There are 2 protein chains.
Amino acid sequence: MAAMLILALDVMDETKAMEIAEVTARHIQGIKVNYPLVLSCGIEIIEELSGVKPVIADFKIADIPYTSALIADLAFSHGASGIIVHGFAGSDTVSEVKRVADEYSGEVYTVTELSSRGGEEFMSRHAYEIVEIAKRAGVDGLIAPATRAERIREIRRRARNLKILCPGVIAQGGSVEEAIKSGADGIIVGRAIYSSSDPEREAERISRLVQTFLKKYK
Amino acid sequence: MAAMLILALDVMDETKAMEIAEVTARHIQGIKVNYPLVLSCGIEIIEELSGVKPVIADFKIADIPYTSALIADLAFSHGASGIIVHGFAGSDTVSEVKRVADEYSGEVYTVTELSSRGGEEFMSRHAYEIVEIAKRAGVDGLIAPATRAERIREIRRRARNLKILCPGVIAQGGSVEEAIKSGADGIIVGRAIYSSSDPEREAERISRLVQTFLKKYK
């Protein structure tokens, strides 16, 4: 999946989820779903959404390898194109999720640190080590916080050819321009689109922004 | 929930899950469910199981506070009595999950480190800091690895009145006696029970062990 604008579809209603996915589809390159939606609607929502755009299952897997593999398998077997795993869980978990993803030709993204304040307590201190784990495991990309653009720059430098996707823009305070200037390949946007009175127009507007800055800085 | 023997019901089939829960019910004090079962059967499985024994949703929540609260709310509103959150996600996430749990008079358990090898890469280094976060947030207990009994001893010393539940015994190599001797209040057992040819007898046998050692060392 070419990384550009990913819609974080953090709603909990199936009809609303499908509606927003469909009206924004022309302007986004993928849909990120998290547990609130999947637990509310059932895992079949991934299959439904994957008929509209490739789906990344943002399950932030952080379990022992055995359980992590089962979770990844469920996501991919229900149509996910990519999955998100916590680097903090350790290299055995990341490698095991990667092994399952390979069976489905799926993508794996590793979280370096959460965009929330608590992400600085433990994860920030190990983010660069997590980048190394991600590279060794051969994953496709990293999830790094647009709320801390200076961190993206350093992660970009270390990540080599890994894609970097950044949540935390707009509603959480991060800047799309700063994130891309610092090295993001793709921007993850949730609330600014799905809570907009006109999700299609907002997706279009942000998509233009993302394209403009990718052209300017890449 | 009096912490003693918790069944980790890591099967993925609803009929099998209910069967094992029912035949082992007399010998266990709670049932821990993880995502593989919940994603396979739907979150309603928590409601069904909670009719048999109190359910701990082992969702190892490790997300930003906003999303973590939504996940916790879904678990409790579907009948969970307790939930598991990762301490490494930071104190804001742990506190937010605790806030939601309080609305349901539910319990919160914080993972100090995973029982897997990868748990030693980052989490072990911060386990004692995570104990402090858990105490400040006022959670009910900790999840600590029976695969490293020497760690339980130190966590017990620091945890004061927090309950300590230990996974990682038997199939993963940890000893029930060592875990309880080191300070565990409860033991979490999965494969040894649900993969047994006679889950009821195995649950009874392990329950007796747990009771014997709790009497001996507490």
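The notes below deal with the structure included here. (Residues numbered from 1 in each chain as written. Chains lettered and ligands numbered in written order. Predicted model: local features only at pLDDT ≥ 70, side-chain atom pairs only at ≥ 80, totals over all residues. Heavy atoms only, no water.)

Let us now look at the overall build of chain A. The helix and strand inventory of chain A stands at ten helices and eight strands. The C-alpha radius of gyration computed for chain A amounts to 16 Å, which stays within 12% of the reference 17 Å derived for 218 residues, consistent with globular compactness. Taking the principal axes of the C-alpha coordinates as reference, chain A spans close to 40 × 40 × 30 Å. Burial statistics for chain A: of 218 residues in total, 63% are counted as buried. Of the contacts made within chain A by residues no fewer than 6 positions apart, 66% connect residues no fewer than 24 positions apart. Summed over all atoms, the accessible surface of chain A reaches about 7900 Å², with 45% contributed by carbon and sulfur. Taking the 27 positively charged and 31 negatively charged side chains of chain A as two groups, their mean positions are separated by 9 Å. (Helix = DSSP H or I, 4+ residues; strand = E, 2+ residues; numbered from the N terminus. Rg over C-alpha atoms; globule rule 2.2 N^0.38 Å. Buried < 20%, exposed > 50% of the residue type's maximum accessible area, 1.4 Å probe, protein only. Contact = heavy atoms within 4.5 Å. Areas by Shrake-Rupley, 256 points an atom, 1.4 Å probe, with all protein chains shown as cover. Lys, Arg positive; Asp, Glu negative; His and termini not counted. Charge placed at Lys NZ, Arg CZ, Asp CG, Glu CD.)

Attention now moves to the relation of the copies chain A and chain B. With an RMSD of 0.0 Å, the fit of chain A onto chain B corresponds to turning through 180° and sliding 0.0 Å along the axis. Taken together, the rotation angle and the small translation identify this as a two-fold axis. It is G42(A) whose C-alpha, among those of chain A, lies nearest the rotation axis, at 2.9 Å. With an isologous cut-off of 70% or more, the 100% of interface residues of chain A that recur at the interface of chain B puts this contact in the isologous class. (Least-squares fit on C-alpha atoms with pLDDT ≥ 70 in both.)

Now for the sheet that holds strand β3 (residues 55–61) of chain B. Residue and element names in this part refer to chain B. Taken together, eight strands build a closed barrel; the order of strands is β1-β2-β3-β4-β5-β6-β7-β8 and the barrel is parallel. Each neighbouring strand pair of the sheet contributes to a mean axis angle of 25°, computed without reference to strand direction. Both strand β1 (residues 5–8) and strand β8 (residues 186–189) contribute to a ladder of three bridges, which runs parallel. The partner of L5 across the bridge, within β8, is I187. Helix α7 (residues 149–159) rests against β6 (141–143) and β7 (163–166) of the sheet, and its axis sits at about 160° to β7. (Pairing = 2+ DSSP bridges. Axes fitted to C-alpha atoms, helices over the stretch in contact; angles between N-to-C directions.)

To continue, consider the interface of chain A and chain B. Across the contact, 42 residues belong to chain A and 42 residues belong to chain B. Summed over both sides, the interface of chain A with chain B buries roughly 3600 Å², with 65% coming from carbon and sulfur. Applying the counting rule to chain A against chain B returns four salt bridges. Between E129(A) and R125(B) there is a salt bridge whose closest N-O contact spans 2.8 Å. Our count for the chain A to chain B interface comes out at 15 residue pairs in polar contact (both at pLDDT 80 or more). Looking at the side of chain A that touches chain B, the elements that each hand over two or more residues are α2 (35–41), β3 (55–61), α4 (65–77), α5 (91–103) and α6 (123–137) of chain A. When its residues are assigned to classes, the side of chain A that touches chain B shows 22 nonpolar, 13 polar and seven charged. (Buried area = accessible area lost by both parts, 1.4 Å probe. Salt bridge = Lys/Arg side-chain N within 4 Å of Asp/Glu carboxyl O. Polar contact = N/O pair within 3.5 Å; in protein donor to acceptor, adjacent residues only side chain to side chain. Nonpolar A, V, L, I, M, F, W, Y, C, P; charged D, E, K, R; others polar.)

What follows covers the pattern of salt bridges. Applying the stated criterion across every chain yields a total of 40 salt bridges over all chains. For the salt bridge of K32(A) with D58(A), the shortest nitrogen-to-oxygen distance reads 2.5 Å. Here the residue K32(A) occupies a position in strand β2 (residues 30–34), and D58(A) occupies one in strand β3, the gap between them amounting to 26 residues. Here K32(A) and D58(A) have matching classes, each one buried. A salt bridge links R148(A) to E113(A), with the shortest nitrogen-to-oxygen separation between them at 2.7 Å. Here R148(A), found in the loop between β6 (141–143) and α7 (149–159), pairs with E113(A), found in the loop between β5 (107–111) and α6; they are 35 residues apart in sequence, far enough to count as distant. When its relative accessible area of 6% is taken as the criterion, R148(A) is described as buried. If you follow the salt bridges from partner to partner, you end up with K32(A), D58(A), K60(A) and D63(B) in one network.

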